[in-house]
Structures are given as C-alpha cells and as structure tokens.
Amino acid sequence: PRHLYFAVFTWLVFSGGRFTAPFLTNVANLSDTLTSLALSLQTMSMSLCFSIGGAVGDHLEGKYPNRGRAMTIVSGLGVSTLAFLLHGVVVHLVKENSTSVFVVSCHIFLRVIYSIGLAFTLPTLDGLTLSYLVAQGRKKEDFGKERLYGAISWAISSMILGPLIDKCGFE
C-alpha cells in the first residue's frame, strides 16, 4: 500500500493539489470569489461522499474479493482524472467568453466531480491498507507508516511542480 499512497498522492499534486486555485484564477479566469466557491464546493462534496465511497469500496471487496477495492480506486481516479482534463478542454474551447455563467458553471461542476472521484479513492485506499496490514499479521497502528509515503510524495511532488509551473506556466 505504501507504493499506492506514493502514486496517488503524487497524482493529487499534479491534478488537484495546491496549484488548483492559481489555475482557476489565472487560466480559467475565475474571480477570487468564484475560485473560492469552486474549492469550497469541492471540499463540501468530498466530505459528504467520503463515507459513501468507503462503503462502496467495502461492498465491492465483499462481492469481488481481492479486486473490489482496487476497482473502486481505479474508478475514482479515472473519474477525477477525466474531470481534471476537462478543465483544459473548457479553457481551450471557450477562450473569448471565459467568464460566462455556463463556463464558470462547468469549472465548478468539474471540481465537484473531481472531488467525488477522490471521495471514492481515498477512503477505499485506507481500507485496502488496513486489510493488507491485518492480512500480513501487522498491527493497525502501522497504518501511519504506510500513509507516510503519501505525505513524502506530496512534499516531493509539490517541490518539483511549483517551480515548474512558475517557469513554464500552466499551458
């Protein structure tokens, strides 16, 4: 699981981490207020869907042993990745009227969809990790050691991506 945490948290930095607000403000041309609204709705929808995502992962694991959680993680990452990529499509298709209600609504909607995908991925990854630890005869207290790899990858990826965006921009 530590390798999964490393990969998922690296993906989080590149797809929706701390650089989302500058993207929405500078590239998608959302005002600070609309950027805050989009990120607030993202956080709210993720919080509302976390328990659902974890329950779906557990249900699928019961139905498809050793594959159900993996299917949930892959599906959640796929939905989030699609939402992330569609931001760029919206920006490039609608260059002139980028502040229209429709375009702003698209960006906000995509942030919500992104967060719902994450709400299925993250708690399911936690459940997978706990199951793995129990199956290996390790203590559940070792969970933090596994998740530490995600924190390390988040830090490394942020240190790489930040200067890269400063140098090259988002496009």
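Residues numbered from 1 in each chain as written. Predicted model: local features only at pLDDT ≥ 70, side-chain atom pairs only at ≥ 80, totals over all residues. Heavy atoms only, no water.

*Asks:* Explain the nonpolar core here, please?
*Replies:* In terms of nonpolar packing, the biggest core is built from 19 residues, with Val8, Trp11, Leu12, Tyr114 and Leu118 touching the most fellow members. If you list the elements that add at least two residues to this core, you get helix H1 (2-16), helix H3 (32-63), helix H4 (68-93) and helix H5 (101-135). Looking at this core element by element, the count peaks at eight residues for H5. When near neighbours in sequence (up to four residues on either side) are disregarded, tryptophan 11 contacts Leu77, Ser80, Thr81, Tyr114 and Leu118. Listed in part, the nine residues of the second largest apolar core include Val27, Ala28, Leu30 and Ile108. (Core = buried A, V, L, I, M, F, W, Y, C linked by side-chain atoms within 4.5 Å. Buried < 20%, exposed > 50% of the residue type's maximum accessible area, 1.4 Å probe, protein only. Helix = DSSP H or I, 4+ residues; strand = E, 2+ residues; numbered from the N terminus. Contact = heavy atoms within 4.5 Å.)

*Asks:* Even after reading the chapter, I still don't get a nonpolar patch on the surface, so can you show me in this structure?
*Replies:* Together, Phe6, Leu148, Tyr149, Ile152, Ile156, Met159 and Ile160 give the surface a local cluster of nonpolar side chains, amounting to about 640 Å² of exposed area. A total of six residues in the nonpolar patch trace back to one element, the largest contributor, which is helix H6 (residues 143-168). (Patch = residues over 30% accessible without salt bridge, like charges linked within 9 Å, V, L, I, M, F, W, Y side chains within 5 Å. Areas by Shrake-Rupley, 256 points an atom, 1.4 Å probe, with all protein chains shown as cover. Salt bridge = Lys/Arg side-chain N within 4 Å of Asp/Glu carboxyl O.)

*Asks:* Would you explain the environment of phenylalanine 23 in this entry?
*Replies:* Along the chain, phenylalanine 23 falls in helix H2 (residues 20-27). Among all residues touching phenylalanine 23, those that are not within four sequence positions of it are Ala28, His87, Val91 and Phe170.

*Asks:* Hey, could you run me through H4 in this one?
*Replies:* Given 3.6 residues per turn, any residue in an α-helix points the same way as the ones three and four places further on. In this model H4 runs 37 Å from its N-terminal to its C-terminal C-alpha over 26 residues, within 8% of the 38 Å that 1.5 Å per residue would give. Those residues of H4 that are buried are in contact with H1, H2, H3 and H5. (Expected span 1.5 Å × (residues − 1).)

*Asks:* Help me understand the pattern of salt bridges, please; the structure alone is not making it clear to me.
*Replies:* When charged atoms on two side chains of opposite charge get close, those side chains can pair. By the definition in use, this model includes six salt bridges. Two residues, arginine 138 and glutamate 146, come together in a salt bridge whose shortest N-O distance is 3.1 Å. Here lysine 145 and aspartate 142 are joined by a salt bridge, their closest N and O atoms 3.4 Å apart. Each of the salt bridges in this network shares a partner with another, and the network as a whole consists of Arg2, Arg138, Asp142, Lys145 and Glu146.

*Asks:* Where do I start with unusual backbone geometry in this structure?
*Replies:* Note: most peptide bonds trans; most residues except glycine with negative phi. One non-glycine residue, asparagine 29, adopts positive backbone phi at about 60 degrees. For asparagine 29, the position within the fold is in the loop between H2 and H3. On the accessibility criterion, asparagine 29 (37% relative accessible area) is partly exposed. The phi dihedral of asparagine 66 falls on the positive side, at around 65 degrees, and the residue is not glycine. Topologically, asparagine 66 is positioned in the loop between H3 and H4.

*Asks:* What's the story with the environment of glutamine 136 in this structure? I'm lost.
*Replies:* Mapped onto the elements of the fold, glutamine 136 is located in the loop between H5 and H6. On a C-alpha basis, the gap between glutamine 136 and arginine 67 in space is 17 Å, while along the polypeptide they are 69 residues apart.

*Asks:* What exactly am I supposed to notice about the side chain of glutamate 146 here?
*Replies:* Relative to the helices and strands, glutamate 146 is located in helix H6. Only 3.1 Å separates the side chain of glutamate 146 from the side chain of arginine 138, close enough to count as a polar contact. Non-local contacts of glutamate 146, meaning those with residues more than four positions away in its chain, are made with Pro1, Arg2, Tyr5, Thr129, Leu133 and Arg138. (Polar contact = N/O pair within 3.5 Å; in protein donor to acceptor, adjacent residues only side chain to side chain.)

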